[in-house]
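So you can see what is in the structure, the chains are spelled out below.
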Amino acid sequence: MEKNDIPTEHEEQREFVKWCRQHCKGVRIIAIPNGGARSISTAARLKAEGVSAGVPDLFIPEWNVWIEMKRKKGGVIGPEQTDWIAYLRNIGYLVLVCKGAEVAKEHILEFCNEEE
């Protein structure tokens, strides 16, 4: 963990994905790897392939749900993320911005319970 024992966004997302796969059997969740440090040439190649800054971190196709994960404290939504979230909501997707894995779990439990 980082300073002050506040989990990183990566740690929060990893915990949530693991939990989701255990509790929502048969429901697929995928990560959208748009962030991270890359060389200029790799970034250019990925951009040409369709990587787009600001796309939410996770997608659950069965429920048409996008999830933007943030740290419990300190995580902020940037301008590109704001634009993508607005776009996705305008075309009918549910987009959840979750500050921490526990918040994400609470939201997703509603979907899991609806299927039972």
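For the structure, check the block above.
Residues numbered from 1 in each chain as written. Predicted model: local features only at pLDDT ≥ 70, side-chain atom pairs only at ≥ 80, totals over all residues. Heavy atoms only, no water.

J.: In this structure, what is going on with the pairing of strand β3 (residues 65-70)? I would like to understand it.
T.: A regular strand carries its side chains on alternate faces of the sheet. Buried residues dominate β3, accounting for six of its six residues. The alternating pattern of β3 places Val65, Ile67 and Met69 and Trp66, Glu68 and Lys70 on opposite faces, both of which are buried. Pairing geometry for strand β2 (residues 58-60) and β3, over three bridges, is antiparallel. Bridge pairing in β3 links Ile60 to Val65. Taken together, the six bridges between β3 and strand β4 (residues 94-99) define a ladder with parallel strand orientation. (Buried < 20%, exposed > 50% of the residue type's maximum accessible area, 1.4 Å probe, protein only. Helix = DSSP H or I, 4+ residues; strand = E, 2+ residues; numbered from the N terminus. Pairing = 2+ DSSP bridges.)

J.: Please explain the packing of aromatic side chains as it appears in this structure.
T.: Between two aromatic rings, the relevant description is the distance of the centres plus the angle of the planes. Under the definition given, this model contains five aromatic pairs. Summarising the aromatic geometry, the rings of Phe16 and Trp19 are spaced 6.1 Å apart at their centres and angled 25° between planes, so their arrangement reads as stacked. Here Phe16 pairs with Trp19, and both are found in helix α1 (residues 9-23), just three residues apart, close to one helical turn. Grouping residues by exposure puts Phe16 and Trp19 together as buried. (Phe/Tyr/Trp six-rings, centres within 6.5 Å; stacked < 30°, edge-to-face > 60°.)

J.: What should I look at first to understand the pattern of salt bridges in this one?
T.: Close approach of charged atoms allows side chains with opposite charge to pair. Tallied over the entire structure, the rule returns five salt bridges. The salt bridge partner of Glu15 is Lys105, with a shortest N-O separation of 2.9 Å. Placement of the pair is Glu15 in helix α1 and Lys105 in helix α4 (residues 101-115), with a sequence separation of 90 residues. The exposure class assigned to Lys105 is buried, which follows from its relative accessible area of 11%. With its nearest N and O atoms 3.0 Å apart, the salt bridge here joins Glu102 to Lys105. Here Glu102 and its partner Lys105 are both found in helix α4, three residues apart, which amounts to about one turn of the helix. One continuous salt-bridge network, built from bridges that share partners, spans Glu9, Glu68 and Lys70. (Salt bridge = Lys/Arg side-chain N within 4 Å of Asp/Glu carboxyl O.)

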